[in-house]
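The lines below spell out each chain.
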Amino acid sequence: MFEEATPEERKIYYNEEWNAKELPDFIVDSIEQREFGFDYDGSGPSDRYNQIFSVGELERVLRNRYPYAVYSSVAYYKKPRKREGWIKAELVFDIDAKDLPVKSCGCGKGMVCEKCLEEAKEYVFLISEALRDDFGIKKGDIRYIYSGRGYHIRVFDPELMLLSREERGKLVDYVACNKVPEVLNLSFGYPKLFRERFLIFLKYALPEDLKIKGVGKQRIEEILKKKRIIANEVEEGDFSTLRKILKSKFQDFLRHVVNINAESLDAKVTVDTKRILRLPSSLHSKVSMKCVEIKNLERFSPLKHAVPKFVEERER
Ligand SMILES: [Zn+2]
């Protein structure tokens, strides 16, 4: 599992398993307006500025060249081959399990396992809830992709698709909770989102994640011991137990959590209105997993729904 695919395996994947039906409608419907990027050997998508006019044409490229990775732009262009005539771009959030700031699996930065892939999903739920509740985005305008090592949230709200880089930056600050709210106990909006993120942090943080200047081992142990109580309180907007333990270090601690949270989302991806993203249905060759659109987020399991057949054969 999670081993790199050989060229032979890529060839098998694109010629025997890949199916145009697994391309999301949002790609099919706008295929000729997007820029496509190909990586043939694992060195990065060096072949860019491609325009593809039909699913059939894409299929031919995939079957003949079985690339290492395939990408398409989040932007729609009048002239994708020149990356000119920008019309609009999906709003995208990238949650990569390999970069999660806190993970209880301990599998290390740059690595993923079943556990942290599941933990990454919690951020996906949280962000999608904020997009719906706080920004009024329709459920149908939010689509979920398993990227092979994490998740992409792709938003198709017509107004948000026109946002500039700066505006997207502000949105990502909000969604990633890059600021301690002035009021902590509001039952809606930003303070609520902040507390929910705080709870994820608390749930998965290892003792070393809780370390801040001026707070000794004893107090960290106390936080861990009272984790359940603290979590129940925070859910209701009450930080009193945590405040009692941390005393004058309470605000520092919240800022520390904010800094850690900021890493859970790759902001560079969200603000880049010309970004290319891994194409759903394509192979993530580095880890031999399929990048797939997720129809049911609750029930989605990477190991059930994104393992290509050649990997199953391999393990027989
Ligand atoms: Zn892990």
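Residues numbered from 1 in each chain as written. Predicted model: local features only at pLDDT ≥ 70, side-chain atom pairs only at ≥ 80, totals over all residues. Heavy atoms only, no water.

## A short note on the side chain of Thr270
So, step 1. With respect to the helices, strands and loops of the structure, Thr270 is situated in helix α11 (residues 267–271).
So, step 2. Among residues more than four places away in sequence, those in contact with Thr270 are Leu91, Val92, Phe93, Arg168 and Val172. (Helix = DSSP H or I, 4+ residues; strand = E, 2+ residues; numbered from the N terminus. Contact = heavy atoms within 4.5 Å.)

## Description of a nonpolar patch on the surface
So, step 1. Side chains of Val183, Leu186 and Phe188 sit close together on the surface and give an oily, nonpolar patch of about 260 Å² of accessible area.
So, step 2. Relative to the helices and strands, Leu186 is located in the loop between α5 (165–175) and α6 (189–204).
So, step 3. For Leu186, a relative accessible area of 32% puts it in the partly exposed group. (Patch = residues over 30% accessible without salt bridge, like charges linked within 9 Å, V, L, I, M, F, W, Y side chains within 5 Å. Areas by Shrake-Rupley, 256 points an atom, 1.4 Å probe, with all protein chains shown as cover. Salt bridge = Lys/Arg side-chain N within 4 Å of Asp/Glu carboxyl O. Buried < 20%, exposed > 50% of the residue type's maximum accessible area, 1.4 Å probe, protein only.)

## A few points about the pairing of strand β5 (residues 84–89)
So, step 1. Across four bridges, the pairing between strand β4 (residues 75–79) and β5 is antiparallel. Bridging across to β5, Lys79 finds its partner in Glu84. (Pairing = 2+ DSSP bridges.)

## Observations regarding the side chain of Asp141
So, step 1. With respect to the element layout, Asp141 can be found in the loop between α4 (114–135) and β7 (142–146).
So, step 2. Buried charge without a salt bridge: Asp141, with Lys138 as the nearest opposite-charge side chain at an N-O distance of 4.1 Å.
So, step 3. If we skip the residues at most four places from it in the chain, Asp141 touches Arg154, Val155, Phe156, Asp157 and Pro158. (Lys, Arg positive; Asp, Glu negative; His and termini not counted.)

## Digging into the sheet that holds strand β1 (residues 35–39)
So, step 1. Pairing is antiparallel across the open sheet formed by four strands, whose spatial order is β2-β1-β3-β9. The open sheet has two edge strands, β2 (47–51) and β9 (276–278), and neither has a second partner. Going across the sheet, the axis of each strand differs from the next one's by a mean of 35°, ignoring polarity.
So, step 2. Pairing of β1 with strand β3 (residues 69–73) involves four bridges; the strand directions are antiparallel. Within β3, the residue paired with Phe38 across the bridge is Val70. (Axes fitted to C-alpha atoms, helices over the stretch in contact; angles between N-to-C directions.)

## A few points about the domain arrangement of the chain
So, step 1. Here the domain parsing of the chain yields domain 1 (1–176 + 269–316) and domain 2 (180–263).
So, step 2. Computed from C-alpha atoms alone, the centre-to-centre distance between domain 1 and domain 2 is 32 Å.
So, step 3. Across the boundary between the two partners, domain 1 contributes 18 residues, which contact 17 residues of domain 2.
So, step 4. Carbon and sulfur atoms supply 59% of the area that domain 1 and domain 2 bury against each other, a total of about 1600 Å² over both sides.
So, step 5. Across the domain 1-domain 2 interface, the total number found is five residue pairs in polar contact (both at pLDDT 80 or more). (Domains from an automatic or database assignment. Buried area = accessible area lost by both parts, 1.4 Å probe. Polar contact = N/O pair within 3.5 Å; in protein donor to acceptor, adjacent residues only side chain to side chain.)

## Structural notes on the sheet that holds β7
So, step 1. An order of β6-β8-β7-β12 is seen for the four strands of this open sheet, with the pairing classed as antiparallel. The sheet is open, and its two borders are formed by β6 (91–96) and β12 (292–294), each paired with just one other strand. When strand polarity is set aside, the average angle formed by the axes of neighbouring strands in this sheet is 25°.
So, step 2. Pairing between β7 and strand β8 (residues 150–155): five bridges, direction antiparallel. Bridge pairing in β8 places Tyr146 opposite Tyr151.
So, step 3. Of the strands in this sheet, β6, β7 and β8 are in contact with α4, which crosses β8 at around 15°.

## Thoughts on the packing of aromatic side chains
So, step 1. Evaluation of the coordinates by the stated rule reveals 14 aromatic pairs.
So, step 2. With a centroid separation of 6.4 Å and an interplanar angle of 70°, the aromatic rings of Phe198 and Phe253 are classed as edge-to-face. Within this pair, whereas Phe198 is found in helix α6, its partner Phe253 is found in helix α10 (residues 250–262), the two being separated by 55 residues in sequence. There is no split in this pair, since Phe198 and Phe253 are both buried.
So, step 3. Measuring from ring centre to ring centre gives 5.9 Å for Phe239 and Phe250, while their planes differ by 65°; the resulting arrangement is edge-to-face. Taken together, the residues span a long stretch of sequence, with Phe239 in the loop between α8 (227–235) and α9 (240–246) and Phe250 in helix α10 at a distance of 11 residues. Each member of the pair, Phe239 together with Phe250, is buried.
So, step 4. Here the aromatic cluster, defined as three or more aromatic residues joined through ring pairs, consists of Phe194, Phe198, Phe201, Phe239, Phe250 and Phe253.
So, step 5. Directly above the aromatic system of Tyr49 lies the positively charged group of Arg83, at a separation of 4.1 Å from the ring centroid.
So, step 6. The ring of Tyr76 carries the charged tip of Lys88 above its face, separated from the ring centre by 4.8 Å. (Phe/Tyr/Trp six-rings, centres within 6.5 Å; stacked < 30°, edge-to-face > 60°. Lys NZ or Arg CZ within 6 Å of the ring centre and 35° of its normal.)

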